[in-house]
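Structure assessment
So the chains spell out like this:
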Amino acid sequence: MRKLAAVVVKEFRQIGRDRRSLLILLFVPAFFLLIYGYALSFDIRNIPLAVEDRDRSSASREVVSAFVNSGYFDLVATIAGERDIDRLLDEGAARAVLVIPAGFGRDARTATPTSVQLVVNGDNANTATTVVGYAVALIAAVSARYEVEARLASPGGPLLRAETRVWYNPELRSTLFLVPGLIAYIAMLTAVVSTALSIVREKEAGTLEQVRMSPVGPLAYVVGKTVPYFVVSLASAVAIVGAAMLLFALPMRGSWPLLVGSVSLFLVGALAFGVLISTVAETQQVAFQLAVLTSYLPTFMLSGFIFPISSMPAALQLVTYAVPARYFLTVLRGIVLKGVGAAAFWRDLAALAIFAVVILSLASLRLRREWSASR
Amino acid sequence: MNTIEVRHLTRRFGAFVAVDDLTFDVGQGEIFGFLGANGAGKSTTIRMLCGLLRPSSGTARVGGIDVGSDPEAVKRRIGYMSQRFSLYEKLTVDQNIAFFGGIYGLSGDRLAARRAFALEMAGLRGREGALTGELAAGWRQRLSLGCAILHEPPIVFLDEPTGGVDPLSRRRFWRLIDELARGGTTVLVTTHYLDEAEHCHRVAIIQAGRLAALGTVPELKQVFAGRPILEIRAPRPVDAMRLLDTLPEVEKTSVFGTAVHAVLRSAETPPGEVAARLGSAGIAAECRVVAPSLEDVFLDVVERSA
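Cut-offs and rules
Residues numbered from 1 in each chain as written. Chains lettered and ligands numbered in written order. Predicted model: local features only at pLDDT ≥ 70, side-chain atom pairs only at ≥ 80, totals over all residues. Heavy atoms only, no water. Helix = DSSP H or I, 4+ residues; strand = E, 2+ residues; numbered from the N terminus. Buried < 20%, exposed > 50% of the residue type's maximum accessible area, 1.4 Å probe, protein only. Areas by Shrake-Rupley, 256 points an atom, 1.4 Å probe, with all protein chains shown as cover. 1 Å grid on protein atoms, 1.4 Å probe; cavity = no way out; pocket = protein on both sides within 12 Å on 5 of 7 lines; lining within 4 Å. Points joined across faces, edges and corners; volume = space filled by probe spheres on them. Domains from an automatic or database assignment. Salt bridge = Lys/Arg side-chain N within 4 Å of Asp/Glu carboxyl O. Pairing = 2+ DSSP bridges. Axes fitted to C-alpha atoms, helices over the stretch in contact; angles between N-to-C directions. Contact = heavy atoms within 4.5 Å. Buried area = accessible area lost by both parts, 1.4 Å probe. Polar contact = N/O pair within 3.5 Å; in protein donor to acceptor, adjacent residues only side chain to side chain. Nonpolar A, V, L, I, M, F, W, Y, C, P; charged D, E, K, R; others polar. Phe/Tyr/Trp six-rings, centres within 6.5 Å; stacked < 30°, edge-to-face > 60°. Lys NZ or Arg CZ within 6 Å of the ring centre and 35° of its normal.

From N to C terminus, chain A includes 14 helices and 4 strands. Among the 375 residues that make up chain A, the fraction classed as buried is 47%. For chain A, the exposed area adds up to about 18500 Å²; of that, 64% sits on carbon and sulfur atoms.

All names here are of chain B. Counted under the stated rule, the structure contains 3 cavities of 30 Å³ or more. For the largest cavity, the calculated volume is near 90 Å³. Lining the largest cavity, in full, are Phe 224, Lys 252, Thr 253, Ser 254, His 261, Val 263, Asp 296, Leu 299, Asp 300 and Glu 303. Looking at the lining of the largest cavity, the elements that each hand over two or more residues are strand 12 (250-256), strand 13 (259-264) and helix 11 (294-305).

This next bit is on the domain arrangement of chain A. Per the domain assignment, the segments of chain A are domain 1 (2-40 + 173-371) and domain 2 (47-153). On a C-alpha basis, the centroid separation for the pair domain 1 of chain A and domain 2 of chain A is 47 Å.

A few words now on the pattern of salt bridges. All names here are of chain B. By the definition in use, this model includes 32 salt bridges over all chains. When the shortest N-O distance is used, the salt bridge between Lys 42 and Glu 160 registers 3.2 Å. Of this pair, Lys 42 sits in helix 1 (residues 42-49) while Glu 160 sits in the loop between strand 7 (155-159) and helix 6 (167-182), and the two are 118 residues apart along the sequence. Note on accessibility: Lys 42 and Glu 160 belong to one class, buried. Across the pair Arg 125 and Glu 120 runs a salt bridge whose closest N-O atoms are separated by 3.2 Å. Given the relative accessible area of 52%, Arg 125 is considered exposed. Glu 120 sits in the partly exposed class, given a relative accessible area of 47%.

Moving on to the sheet that holds strand 3 (residues 96-100) of chain A. Residues and elements named next belong to chain A. Pairing is mixed in the open sheet, where 4 strands are placed in the order 2-1-3-4. Where the open sheet ends on each side, the last strands, each with one partner, are strand 2 (73-78) and strand 4 (117-120). Neighbour to neighbour, the strand axes of the sheet diverge by 25 degrees on average, direction disregarded. Pairing between strand 1 (residues 47-53) and strand 2: 5 bridges, direction parallel. Within strand 2, the position partnered with Leu 49 by the bridge is Leu 75. Of the strands in this sheet, strand 1, strand 2, strand 3 and strand 4 touch helix 3 (residues 58-69), which is tilted by about 160 degrees from strand 3. Across the face of the sheet, helix 4 (residues 82-91) comes into contact with strand 1, strand 2, strand 3 and strand 4 while running at roughly 165 degrees to strand 3.

At the junction of the two partners, chain B supplies 30 residues and chain A supplies 28 residues. Contact with chain A buries surface across chain B, with Leu 52, Tyr 88 and Ile 103 of chain B losing the most and accounting together for 22% of the total. At the surface where chain B touches chain A, the tally comes to 1 salt bridge. Between Glu 209 of chain A and Arg 47 of chain B there is a salt bridge, with its nearest N and O atoms 2.5 Å apart. Between chain B and chain A we count 8 residue pairs in polar contact (both at pLDDT 80 or more) in total. Listed by contribution, the elements that provide at least two residues to the side of chain B that touches chain A are helix 2 (71-77), strand 6 (78-82) and helix 3 (93-103) of chain B. In terms of residue count, the dominant contributor to the side of chain B that touches chain A is helix 3 of chain B (6 residues). Class assignment for the residues of the side of chain B that touches chain A results in 15 nonpolar, 7 polar and 8 charged.

Moving on, we get to the packing of aromatic side chains. This model, assessed by the stated rule, comprises 12 aromatic pairs over all chains. Ring centres 3.9 Å apart and planes at 15 degrees place the aromatic pair Tyr 72 of chain A and Tyr 134 of chain A in the stacked group. Here Tyr 72 of chain A is found in the loop between helix 3 and strand 2, whereas its partner Tyr 134 of chain A is found in helix 6 (residues 125-153), with 62 residues between them in sequence. Relative to Phe 34 of chain B, the ring of Phe 32 of chain B has its centre 6.1 Å away and its plane inclined at 50 degrees; by these criteria the two rings are tilted. The structure contains a cluster of three or more aromatic residues connected by ring pairs, namely Tyr 185, Tyr 296 and Phe 300 of chain A. Of note, Arg 114 of chain B hangs over the ring of Phe 117 of chain B, and the distance from its end group to the ring centre comes to 4.2 Å. Above the ring of Trp 139 of chain B, the side-chain terminus of Arg 142 of chain B is found at 5.4 Å from the ring centroid.

What follows deals with the domain arrangement of chain B. Residue and element names in this part refer to chain B. Taken domain by domain, chain B comprises domain 1 (2-215) and domain 2 (222-305). Once you take the C-alpha centre of each, domain 1 and domain 2 turn out to be 38 Å apart. Facing the 10 residues of domain 1 at the interface are 7 residues of domain 2. Taken over both partners, the interface formed by domain 1 and domain 2 buries close to 700 Å², and the fraction arising from carbon and sulfur atoms is 84%. Remark: the boundary between domain 1 and domain 2 carries 0 salt bridges. Looking at the side of domain 1 that touches domain 2 residue by residue, the classes come out as 7 nonpolar, 2 polar and 1 charged.

Residue and element names in this part refer to chain B. Among the 5 residues that make up strand 11 (residues 229-233), 4 are buried, leaving the element largely enclosed by the rest of the structure. Where strand 11 meets strand 13, 4 bridges bridge the pair, whose relative direction is antiparallel. Along strand 13, the bridge assignment pairs Ile 229 with Val 263. Here strand 11 runs beside strand 14 (residues 286-290); their pairing, made up of 5 bridges, is antiparallel. Note that in strand 14 the partner of Arg 233 across the bridge is Glu 286.

All right, on to unusual backbone geometry then. Phi is positive for Arg 56 of chain A, which is not a glycine, with a value near 50 degrees. Mapped onto the secondary structure, Arg 56 of chain A falls in the loop between strand 1 and helix 3. Within the chain, Glu 160 of chain B stands out as a residue other than glycine whose phi angle is a positive 45 degrees. Looking at Glu 160 of chain B, the relative accessible area reads 9%, which means it is buried.

In structure tokens form, the structure reads like this:
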């Protein structure tokens, strides 16, 4: 126990002394929160819109004003023919063109099915998808109103109206969606990368050899080395949630103990993964590359942090089952945004627990073999 | 009483035999030198004796404990220091002492007393707060030794402890080793500085994993009994050597700095005769018999066992 304490104290002192690592541990999370919170918003506003109104009725003008008043679209041009559509899109003056056919007003009044055409610049698929989404929602709203008015004018017939309501994140603010991912991402950074680097650094410096000559066992050494990173990562996760609550009005709807417990479970697996990497890598470069490839990138790309898993190819979706951050994100979003209890995501917690146990066993197996590199 | 007993110790890495059938004893309070070229098997032997590497065959008892069966018990009784002075460079002198004291289970009064001892020994009193990485090599070396013996181990292993240290610090370091041994600590030290081996009570020369010679320094020099060594100073040493190699009286030659050493087959050959032979070939040489140095011994042993 005293030996363990000596390792913990030493590691804390080293973290404190190592300015670069400390900077990474403390400021990178804050930096990312600001970047992702303010800059990397997936909401698109002020989309330049051109309109070709062949109907020129009050109904058609209503559709146009619905677009403009939504705040998502800016009317940049009113055009007269198809040639102008090409020109505006080619020049990039407009990202979307709305074409309202002649007879639209009459059809709307008599509740005859009709359509409007939306031409969208697809050079950026993500933006295009978002633009189409906004437009479809707007048109559906207008259409619903006409439907209601038409039904009221000719009595009888049931009134069925679809009313969309977005839960948990009613304004569809991407920040709220990103914060849980950010916690996972930073936990991976501190837990996996820092742990792996700090152990491999001791290998390179020869201090590990010196420690192995002492009566400290591998267990006390590794626990002693990881405890400080566990504390730092946990504090960092709590700080991110706190900062996001202050800066971005993140609702923390669930229970704090559940949040801390889930983060801890995730961290145990991540720290063990860092230890596992350190037993394979002999130099810090190799350790860093291994950590980035196997933990950091998957957390970024394959966890649902930024790219929704449901829109990935099937093969890639299968891969995501091996990414612990995937489950962790579900849990975090459940706690922070939905405020649900463990009953709602026990499967994900179980997956995290399995990951932690498997990696811990692998790491301790490898470590034991390395520690007494003798057989 | 023997503190270290090594019997037929062997270590293989695949087909490569790094340590081949070593047998020797080290007594309590003895400074035992391990001499050999790089890759001769010195470090592998030390790692086995420290319980870090399991022997392929043979046994080694360190402090009465078999290293193969109870390496952890061995680790409690030994101190280990290597040429890399494995301290935490980003921690202060005091923090390093606290860490190594901690992992050896020291605390309270004992830790305080040993801390004072280590600081005194390393000459670092008053510099407790200095960053270890900013100390000169000599200080780091002594601190490293201090940290390795905080727990007062009866046996100390030093693996090339003086690499990269200036001669003055090396001398000071060896004084510390002498003091340790006089206090009853057994010291096993590897080195490739031959002058340092003169500090050792006994020296083992390792060649390709095998024990090539073992004894006190005067004993080792006995290999040259009846084979005097001539030191020859000539303006063209290479030509002189070429000629010397053709003489029937000369067993072998080697370069020693600016001079040439020639080992004669018999003590009967007068040095003047060799000088005359060189002179008749147009090489004005100065010849005199010298006492064998440990370097002569080392080269001779290594050549003959290769």
